[in-house]
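# Analysis of the macromolecular model
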Amino acid sequence: ALFFTSLLISSCKKEQIELLVQEVDSHTSLPLFNVFFVNDSIGYACGGDKYDLGIFLKTSNGGKTWSQPDSIIPKVAYAQYFFSAAEGFVAGLDTWLAYTSDSCKTFSANPSYQLETRGICFGDRLQQFNA
């Protein structure tokens, strides 16, 4: 039984994976809570100050550089979901929900109830959003 146990343990060795980490300037000292990539190049990050500012950043080169933070909602942004590089949602404190359909040039925001929205996802494509 001892031989079988040692044989089993020696055959279960996992490959070591080396992770390379590189620090990237986000242009903000505020916390970021979510990162969402649409493809290998285009991605978004959101965060901010809980009661005062929701921020949003964008990358077009796989995260090597990020845009300056843009304030899109008046309270922290916790979650985001994008259907494409042009269309998506960002959500945060007090159920603030911001929508863009023009590659994040403009957002329409819609506050709802006093709830924290920490995550959003869509099972099916939304046909319309009324801000």
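All of the points below concern the structure found in this document.

## Section: the pairing of strand β6 (residues 88–92)
- For β6, the buried fraction is high: 5 of the 5 residues fall into the buried class.
- Of the two faces of β6, both are covered, the one formed by Gly88, Val90 and Gly92 as well as the one formed by Phe89 and Ala91.
- Note that strand β5 (residues 77–82) and β6 share 5 bridges and pair antiparallel. Directly across from Ala79, in β6, lies its bridge partner Ala91.
- Connecting the antiparallel pair β5 and β6 is a turn made up of 5 residues.
- Here 4 bridges tie β6 to strand β7 (residues 97–100), and the two strands are oriented antiparallel to one another. Its bridge partner being in β7, Gly88 is matched across the sheet by Thr100.
- A loop of 4 residues connects β6 with β7, the two strands running antiparallel in sequence, and Asp94 in this loop sits at a positive phi of about 60°.

## Some details on the packing of aromatic side chains
- The tally for this structure, following the rule as stated, stands at 11 aromatic pairs.
- Taken together, the ring pairs connect Phe36, Tyr44, Phe56, Tyr81, Phe82, Phe83, Phe89, Tyr99 and Phe107 into an aromatic cluster.
- Stacked on the ring of Tyr78, the Lys or Arg Arg118 has its end atom at 3.9 Å from the ring centre.

## A look at the sheet that holds strand β4 (residues 70–73)
- Across the sheet, which stays open at both edges, the 4 strands sit in the order β1-β2-β3-β4 with antiparallel pairing between neighbours. Every other strand in the sheet has two partners, leaving β1 (32–37) and β4 as the edge strands with one partner each. For this sheet, the mean angle separating the axes of adjacent strands, direction not counted, is 30°.
- The pairing of β1 with strand β2 (residues 43–49) spans 5 bridges and is antiparallel. Counterpart to Leu32 in the pairing with β2 is Gly47.

## Here's the deal with the pattern of salt bridges
- Counted under the stated rule, the structure contains 1 salt bridge.
- Here Lys75 ties to Asp94 by a salt bridge, and the two come within 2.4 Å at their closest N and O atoms. Residue Lys75 is found in the loop between β4 and β5, and its partner Asp94 is found in the loop between β6 and β7; the two are separated by 19 residues along the sequence.
- Owing to a relative accessible area of 12%, Asp94 belongs among the buried residues under this scheme.

What counts and how
Residues numbered from 1 in each chain as written. Predicted model: local features only at pLDDT ≥ 70, side-chain atom pairs only at ≥ 80, totals over all residues. Heavy atoms only, no water. Buried < 20%, exposed > 50% of the residue type's maximum accessible area, 1.4 Å probe, protein only. Helix = DSSP H or I, 4+ residues; strand = E, 2+ residues; numbered from the N terminus. Pairing = 2+ DSSP bridges. Phe/Tyr/Trp six-rings, centres within 6.5 Å; stacked < 30°, edge-to-face > 60°. Lys NZ or Arg CZ within 6 Å of the ring centre and 35° of its normal. Axes fitted to C-alpha atoms, helices over the stretch in contact; angles between N-to-C directions. Salt bridge = Lys/Arg side-chain N within 4 Å of Asp/Glu carboxyl O.

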